[in-house]
Amino acid sequence: MSAEVPVTARIAAVRNSLQPSERRVADLIVDEPDAVIELTAQQIADRVGVGRSTVVRACQTFGYRGYPQLRVALAAERGRRAVAPVAQDGALGGIRSAIDRIADDLRAVTSLLDAEGVSEAVDAVVAARRLLVVASGLSAPVATDLAMRLTAVGRPAETVGDPIGQQIAARHLAVDDVCVVISGSGANEASLRAASAARAAGARVIALTSFSASPLTERADLSLVLASGGSFRDELEHTSRIAHAVFAEAFVDAVAAARADDASLARSRVLEILSDNLGDAG
């Protein structure tokens with residue numbers, strides 16, 4: 001994993017695979033990063049009620065040699081982070097503050113991705129005979145949007161809203177097909193069943209998720225893990241798929257670039273249809 005990956009992004013990506021004692025260490029680091037920078041490994045251990053060795057082991061799980069290396073990386077991350085937005089009054093002020101928070105978190109979204117993996121995913125989507133995009137719950141709108149955008153650039157993509165229908169469609173895929181499964185948690189049961197059905201059909205499964213270790217990544221041939229910003233408490237209180245939606249839009253642009261002239265022709269046709277459907281009234 002690249003040294004440039006923020007500490008909090010590394011932790012978020014593996015949090016759901018941690019032991020309970022290590023998870024307490026992780027949550028303290030993410031929830032109180034400024035305080036943690038000033039603490040020793042023993043002080044962290046005392047704060048969360050674990051042994052010092054657990055703190056060291058947790059840091060190694062996050063990709064560091066030990067606590068001193070994590071502490072330095074966390075200090076660097078806090079130094080690069082934009083100044084926290086000042087809370088503003090009123091509904092509009094609250095909206096502006098929320099947007100500032102989201103914009104700050106988005107800066108780390110791609111930090112867990114590698115160029116080879118993304119290129120492989122683009123090539124697989126471009127070459128697929130059939131392309132099925134599935135998701136349930138909060139991720140469902142992202143799947144619908146991704147399928148629509150891919151179709152608009154001339155890479156036809158299917159999506160099915162009903163969870164049972166998703167499994168049926170996935171089971172009808174073949175070895176030359178691709179199934180993109182979107183699940184922030186990587187644990188949505190309906191999405192997991194669709195992924196398993198696609199695997200059983202011999203299709204290639206690409207996961208778009210927020211956790212590097214999850215039931216979904218275990219079923220996927222290729223996983224695109226998007227770093228989630230903020231603390232675990234933030235995720236619970238402000239569960240969002242904005243990062244996935246932003247990535248999906250940019251991913252379509254990458255697919256369009258790979259298809260070059262075909263995508264340009266497809267977009268021209270889309271513009272013609274949009275023009276024909278615009279009313280005359282200005």
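Our subject is the structure listed above.
In this report, we go over the structure that sits alongside the text. Keep in mind that what you see is a predicted model, and the values were worked out from it rather than measured.

On to helix α11 (residues 189–200). Since the α-helix advances by 3.6 residues per turn, residues separated by three or four positions end up pointing in the same direction. With 12 residues, α11 ought to run about 16 Å at 1.5 Å a step, and its terminal C-alpha atoms sit 16 Å apart, in line with that. Those residues of α11 that fall on the buried side of the exposure criterion are A190, S191, L192, A194, A195, A197 and A198. Along its buried surface, α11 packs onto β1 (131–134), α10 (163–171), β3 (178–182), β4 (204–209) and α12 (215–219). The distance from a side-chain oxygen at the start of α11 to the backbone nitrogen of A190 is 3.1 Å, and the residue carrying that oxygen is N188. Of the residues trailing α11, G202 is marked for its positive phi of about 90°.

Right, let's talk about the side chain of S139 for a bit. If you trace the backbone, S139 turns up in the loop between β1 and α9 (140–152). According to the relative accessible area criterion, S139 is buried, its value standing at 3%.

It is worth spelling out the environment of A128 at this point. If you trace the backbone, A128 turns up in the loop between α8 (115–127) and β1. For A128, a relative accessible area of 8% puts it in the buried group. Taking the C-alpha atoms as reference, A128 lies 9.1 Å from R155; in sequence the two are 27 residues apart. Residue contacts for A128: discarding those within four places in its chain leaves R155, D176 and V178.

Between side chains of opposite charge, a pair can form when the charged atoms approach closely. Tallied over the entire structure, the rule returns 8 salt bridges. With a shortest N-O distance of 2.9 Å, E32 and R47 are connected by a salt bridge. Of this pair, E32 sits in the loop between α2 (20–31) and α3 (33–37) while R47 sits in helix α4 (residues 41–48), placing them 15 residues apart in sequence. In this structure E32 comes out as partly exposed when scored by relative accessible area, which is 33%. A residue is classified by how much of its surface remains accessible, and R47, at 44% relative accessible area, is partly exposed. A salt bridge links D177 to R129, with the nearest nitrogen and oxygen atoms 3.0 Å apart. Residue D177 is located in the loop between α10 and β3, and its partner R129 is located in the loop between α8 and β1; the two are separated by 48 residues in the primary sequence. Within this structure, D145, R149 and E249 form a network of salt bridges that share partners.

About the cut-offs
- Residues numbered from 1 in each chain as written.
- Predicted model: local features only at pLDDT ≥ 70, side-chain atom pairs only at ≥ 80, totals over all residues.
- Heavy atoms only, no water.
- Helix = DSSP H or I, 4+ residues; strand = E, 2+ residues; numbered from the N terminus.
- Expected span 1.5 Å × (residues − 1).
- Buried < 20%, exposed > 50% of the residue type's maximum accessible area, 1.4 Å probe, protein only.
- Contact = heavy atoms within 4.5 Å.
- Polar contact = N/O pair within 3.5 Å; in protein donor to acceptor, adjacent residues only side chain to side chain.
- Salt bridge = Lys/Arg side-chain N within 4 Å of Asp/Glu carboxyl O.

Take it as geometry only, folks, not as evidence of what the structure does.
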